[in-house]
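Now for the letters of each chain:
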Amino acid sequence: MTTKVHNFSAGPGILPQEVLKQAANACINFDNLNLSLLEISHRSKNFEAVINNTRNMVKNLLHLDDDFEVIFLGGGASMQFAMVPYNLLSTTGKAGYLNTGVWASKAIKEVKLLGNTVVVASSEDRKFNYIPKNYEIPNDLDYFHLTSNNTIYGTQIKTFPKTSVPLVCDMSSDIFSREVNGNDFSLIYAGAQKNMGPAGATMVAVRKSILGKTERKMLSMLDYLVHIKGQSMYNTPPVFPIYVTMLTLEWLIKNGGIAHIEKMNNQKAALLYSEIDRNPLFKGTCAVEDRSLMNVTFVLENPEKEIIFDKLAKDANLSGIRGHRDVGGYRASLYNALPIESVKTLVEVMQHFEKTNG
Ligand SMILES: *Cc1c(COP(=O)(O)O)cnc(C)c1O
């Protein structure tokens, strides 16, 4: 029997056990074809069914209206840092960005190479430990770019701004973790490997009506319209990551959908944050009202005791709780597939640490 590991990895993140088993089976014998998913044409009927099914689930889960197209691309979320301005920022226009951390900063670096950019607000002044509020979005922007959840710093946007400007959102690390009305946005993108599937596929949901307006000569592989026309098959799509994404979304829907998972995510996060706030040996790193439900960041009051806490965590089979290299301390990622039992185990370890080292 294998020992149960509590997987708090920030990304690639935990996937449901049953999804991993189904995925493993499909590598040997997909759809009873006696062929592996990895060795059949992406244009086969069987794979076409996979991509259509995945696309439809994304549309339903985000409540997208008919103006939206959903495509699956390679290149990670980082590729979207470039593709978004390339497709949406006109040569004479202006793009606005909210700078809430490492990922937003990387997106800003790319857009600046392509055109006029305004950083509308930033939380860099306090090491990105909060979400800026009460900023004004200029109404002459081609679009305004947000990062819904800041995977590294552990902050999350709870209320999205209301504006007439098209909203673009990097939802890589909290997609499908809570109810979102996708129609409030003009473009949503998410790398699969945090909360949706394995690394290698990125989902892009975009309003067709905002495309084709940049006056730029478009390289085919970077043009959303080319990928939409090709139904994500302009070139060979990342077939395996798309398939595992399909399985993960089926798992999500079968287990009560977003309404249920959101309730569970709230419970998991509440359990851990209340221990961080109660336990005198720990403290949270972010503004309380902006705390992420997905990535919980915290530090020890006495960092010299990290070695002791690390040992206790290891002995309890807690995996992936060390903080990002830029931030230090700890980060427990509580993605959809993480059971509440894993959070309970982490809390017990924190309480044991308090009893033995307080
Ligand atoms: C992980 C992450 C990215 C980068 O994703 P890649 O697929 O590695 O390019 C971008 N944005 C957010 C919010 C992330 O969490």
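Residues numbered from 1 in each chain as written. Predicted model: local features only at pLDDT ≥ 70, side-chain atom pairs only at ≥ 80, totals over all residues. Heavy atoms only, no water.

1. What about the domain arrangement of the protein chain?
Reasoning step 1: Here the protein chain is described as being made up of domain 1 (17-254) and domain 2 (258-357).
Reasoning step 2: Between the C-alpha centres of domain 1 and domain 2 there is a distance of 28 Å.
Reasoning step 3: Opposite the 25 residues of domain 1 that make contact, domain 2 presents 24 residues.
Reasoning step 4: In this assembly, domain 1 packs against domain 2 so that about 2000 Å² is buried in total across both faces, 54% of it on carbon and sulfur atoms.
Reasoning step 5: One can count 2 salt bridges joining domain 1 with domain 2.
Reasoning step 6: With a shortest N-O distance of 3.8 Å, Glu 289 and Lys 133 are connected by a salt bridge.
Reasoning step 7: Here domain 1 is connected to domain 2 by 15 residue pairs in polar contact (both at pLDDT 80 or more).
Reasoning step 8: Secondary structure elements with two or more residues in the side of domain 1 that touches domain 2: strand 7 (155-156) and helix 6 (239-254).
Reasoning step 9: Its residues placed into classes, the side of domain 1 that touches domain 2 shows 10 nonpolar, 9 polar and 6 charged. (Domains from an automatic or database assignment. Contact = heavy atoms within 4.5 Å. Buried area = accessible area lost by both parts, 1.4 Å probe. Salt bridge = Lys/Arg side-chain N within 4 Å of Asp/Glu carboxyl O. Polar contact = N/O pair within 3.5 Å; in protein donor to acceptor, adjacent residues only side chain to side chain. Helix = DSSP H or I, 4+ residues; strand = E, 2+ residues; numbered from the N terminus. Nonpolar A, V, L, I, M, F, W, Y, C, P; charged D, E, K, R; others polar.)

2. Describing the nonpolar core
Reasoning step 1: Formed by 86 residues in total, the largest nonpolar core has its most connected members in Phe 144, Leu 146, Phe 176, Met 203, Leu 272 and Phe 309.
Reasoning step 2: Of all the elements, helix 6 adds the most residues to this core, at 9 residues.
Reasoning step 3: Here this core gathers at least three residues from each of two domains, domain 1 (17-254) and domain 2 (258-357).
Reasoning step 4: In this structure, Leu 73, Ala 77, Ala 95 and Tyr 97 belong to the second largest nonpolar core, which totals 23 residues. (Core = buried A, V, L, I, M, F, W, Y, C linked by side-chain atoms within 4.5 Å. Buried < 20%, exposed > 50% of the residue type's maximum accessible area, 1.4 Å probe, protein only.)

3. A closer look at the site of the ligand
Reasoning step 1: Around the ligand there are 13 residues in total, and Ser 78, Thr 151, Asp 170, Gln 193 and Lys 194 lie nearest to it.
Reasoning step 2: The separation between an oxygen atom of the ligand and a polar side-chain atom of Ser 78 is 2.6 Å.
Reasoning step 3: One nitrogen or oxygen atom from the side chain of Thr 151 is found 2.5 Å from an oxygen atom belonging to the ligand.
Reasoning step 4: Within the complex, the protein chains bury 87% of what would otherwise be the 380 Å² of accessible surface of the ligand.
Reasoning step 5: Considering every element that reaches the shell around the ligand, the biggest residue donor is helix 3 (residues 76-88), with 4 residues.
Reasoning step 6: Its residues placed into classes, the shell around the ligand shows 3 nonpolar, 8 polar and 2 charged. (Near = heavy atom within 4 Å. Areas by Shrake-Rupley, 256 points an atom, 1.4 Å probe, with all protein chains shown as cover.)

4. A closer look at the sheet that holds strand 11 (residues 282-284)
Strand pairing in a sheet takes place through backbone hydrogen bonds and is either antiparallel or parallel in direction.
Reasoning step 1: Read across the sheet, 3 strands follow the order 11-12-14 without closing on themselves; strand pairing throughout is antiparallel. Lying at the two open borders of the sheet, with one neighbouring strand each, are strand 11 and strand 14 (330-333). Averaged over all pairs of adjacent strands, the angle between strand axes in this sheet comes to 35°, irrespective of strand direction.
Reasoning step 2: Alignment of strand 11 against strand 12 (residues 295-300), held across 3 bridges, turns out to be antiparallel. Residue pairing for strand 12: Lys 283 is matched across the bridge by Val 299.
Reasoning step 3: Contacts from helix 8 (residues 306-315) reach strand 11, strand 12 and strand 14 within the one sheet, and its direction differs from that of strand 14 by about 25°. (Pairing = 2+ DSSP bridges. Axes fitted to C-alpha atoms, helices over the stretch in contact; angles between N-to-C directions.)

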